[in-house]
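# Observations on the three-dimensional arrangement
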Amino acid sequence: MKPEVIKANVGVDISKDDFKVCYYLLSSNGRQYIKGTRTFNNTLQGFRAFSYSGNGLPHQCRPAQYVQGLCKEPEPEKQNG
């Protein structure tokens, strides 16, 4: 059976000239990955392009949570001992 997406986050980092968007997904088998990143101009046209793109997320990932800052690759778990 194909793993399902159980969580989707959209990280947004806004600056004066542009804003960067990162799509982070978590699947039912525990796999965490970055689906993609994209940069938009910080203008009305850039915001519209972001809004009209459906945020670039696959249909099964919606709704997504929007978070401040870009997504980071998950760090490997540390082994005790």
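First things first, this report covers the structure right here in the doc. (Residues numbered from 1 in each chain as written. Predicted model: local features only at pLDDT ≥ 70, side-chain atom pairs only at ≥ 80, totals over all residues. Heavy atoms only, no water.)

Helix and strand counts for the chain stand at one helix and four strands. Order of helices (α) and strands (β) in the chain, N terminus to C terminus: β-β-β-α-β. Counting all 81 residues of the chain, 28% fall into the buried class. A sequence separation of at least 24 residues applies to 44% of the contacts in the chain between residues at least 6 apart. (Helix = DSSP H or I, 4+ residues; strand = E, 2+ residues; numbered from the N terminus. Buried < 20%, exposed > 50% of the residue type's maximum accessible area, 1.4 Å probe, protein only. Contact = heavy atoms within 4.5 Å.)

Hydrogen bonds between backbone groups are what pair the strands of a sheet, and the pairing can be parallel or antiparallel. Here we have four strands laid out as an open sheet, ordered β3-β2-β1-β4, and mixed in their pairing. Every other strand in the sheet has two partners, leaving β3 (32-41) and β4 (65-68) as the edge strands with one partner each. Going from strand to strand, the sheet's axes swing by 25 degrees on average, the running direction of each strand aside. Relative to β4, strand β1 (residues 5-14) is paired through four bridges, and the arrangement is parallel. Pairing of Gly11 across the sheet is with Val67, part of β4. (Pairing = 2+ DSSP bridges. Axes fitted to C-alpha atoms, helices over the stretch in contact; angles between N-to-C directions.)

The subject of this paragraph is the nonpolar core. Counting eleven residues, the largest nonpolar core consists of Val5, Ala8, Val10, Val12, Phe19, Val21, Tyr23, Leu25, Phe40, Phe50 and Ala64. Listed by contribution, the elements that provide at least two residues to this core are β1 and β2 (18-27). Apart from residues no more than four positions distant in its own chain, Phe40 is found in contact with Asp18, Phe19, Val21, Gly46, Ala49 and Phe50. (Core = buried A, V, L, I, M, F, W, Y, C linked by side-chain atoms within 4.5 Å.)

Time to look at the packing of aromatic side chains. Overall, the coordinates contain three aromatic pairs when judged by the stated rule. For the ring pair Phe19 and Phe40, a centre distance of 5.3 Å and an interplane angle of 20 degrees mean the geometry is stacked. Here the residue Phe19 occupies a position in strand β2, and Phe40 occupies one in strand β3, the gap between them amounting to 21 residues. Taking relative accessible area as the criterion, Phe19 reaches 5% and is therefore assigned buried. Assessed through its relative accessible area of 4%, Phe40 is described here as buried. Judged by centre distance (5.8 Å) and plane angle (90 degrees), the rings of Phe19 and Phe50 are edge-to-face. Of this pair, Phe19 sits in strand β2 while Phe50 sits in helix α1 (residues 44-52), and the two are 31 residues apart along the sequence. (Phe/Tyr/Trp six-rings, centres within 6.5 Å; stacked < 30°, edge-to-face > 60°.)

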